[in-house]
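Summary of structural features
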Amino acid sequence: MRLEIFNFVEDSLIILSKFSRELEVLSGELEIFFKKNLDNNDYFLNVSSRIKSPMSLKEKILRNNYYLTFADAQDFFFGLSDLIGVRLECRFIEDEDKLFSRIKEIFSKQRDDGYFYNEDYPAIMLNLIDKQPQIQKNGFEIFKIDGIIAGEGPAFHFELQIKSLVNMGMTLKKYGYYY
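So, here's what we can say about the structure. A quick note: this is a predicted structure, and the numbers were derived from the prediction, not measured. (Residues numbered from 1 in each chain as written. Predicted model: local features only at pLDDT ≥ 70, side-chain atom pairs only at ≥ 80, totals over all residues. Heavy atoms only, no water.)

Let us look at the side chain of Gln132. Inspection of the secondary structure puts Gln132 in the loop between strand E5 (121–126) and strand E6 (134–135). For Gln132, a relative accessible area of 15% translates into the label buried. Side-chain polar atoms of Gln132 contact the backbone oxygen of Lys144, separated by 2.7 Å. Each residue touching Gln132, except ones within four places of it in the same chain, is listed here: Phe100, Ile142, Phe143, Lys144 and Ile145. (Helix = DSSP H or I, 4+ residues; strand = E, 2+ residues; numbered from the N terminus. Buried < 20%, exposed > 50% of the residue type's maximum accessible area, 1.4 Å probe, protein only. Polar contact = N/O pair within 3.5 Å; in protein donor to acceptor, adjacent residues only side chain to side chain. Contact = heavy atoms within 4.5 Å.)

Turning our attention to a negative patch on the surface. A contiguous patch of negative charge, built from Glu10, Asp11, Asp72 and Asp75, is present on the exposed surface. Residue position: Asp72 is located in the loop between helix H3 (66–69) and helix H4 (73–79). (Patch = residues over 30% accessible without salt bridge, like charges linked within 9 Å, V, L, I, M, F, W, Y side chains within 5 Å. Areas by Shrake-Rupley, 256 points an atom, 1.4 Å probe, with all protein chains shown as cover. Salt bridge = Lys/Arg side-chain N within 4 Å of Asp/Glu carboxyl O. Lys, Arg positive; Asp, Glu negative; His and termini not counted. Charge placed at Lys NZ, Arg CZ, Asp CG, Glu CD.)

Of the consecutive residues Gln132 and Pro133, the connecting peptide bond is found in the cis state with omega at -10°. As for its placement among the helices and strands, Pro133 is situated in the loop between E5 and E6. The phi dihedral of Asn65 is positive, around 50°, even though this residue is not glycine. Relative to the elements of secondary structure, Asn65 occurs in the loop between helix H2 (54–64) and H3. For Asn65, a relative accessible area of 34% puts it in the partly exposed group.

Listed below in structure tokens is the structure:
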């Protein structure tokens with residue numbers, strides 16, 4: 001069992017390393033796309049992104065026992081919903097609704113698989129069917145949207161979050177990080 005876990009984690013980290021440069025490029029493309037399409041809205045403040053770190057990937061595998069639920073590390077890696085994380089920031093909670101509405105306007109074309117895309121940039125697809133906002137484990141609401149971005153090679157999953165500064169402050173305060 002230990003060898004199986006070790007091999008799964010090691011294989012996952014090798015795959016992450018193999019695609020790290022492409023993930024960085026795609027993460028940057030996501031930031032550029034959302035900034036370009038949202039910058040003219042006064043309720044939009046910023047976009048930021050991150051790629052899942054090796055330590056975070058390892059912790060996620062162990063915490064959720066993914067080595068038991070996925071056939072192999074490759075299935076896990078390419079099925080991971082938050083390999084890339086993108087956060088759209090706004091000032092107030094009501095601005096989160098405005099940003100989500102704007103996202104639905106931008107991604108107005110629907111594919112056969114249910115994902116929505118923008119005609120000018122079809123490589124970015126969003127699942128806009130799921131109920132939003134969702135309730136987080138901490139009890140706060142969050143707009144968390146599953147996405148896919150196609151690159152030069154394989155497509156990668158990403159998670160798009162819409163978060164207000166007010167909401168981020170409440171989350172930080174709840175956990176004692178905000179004074």
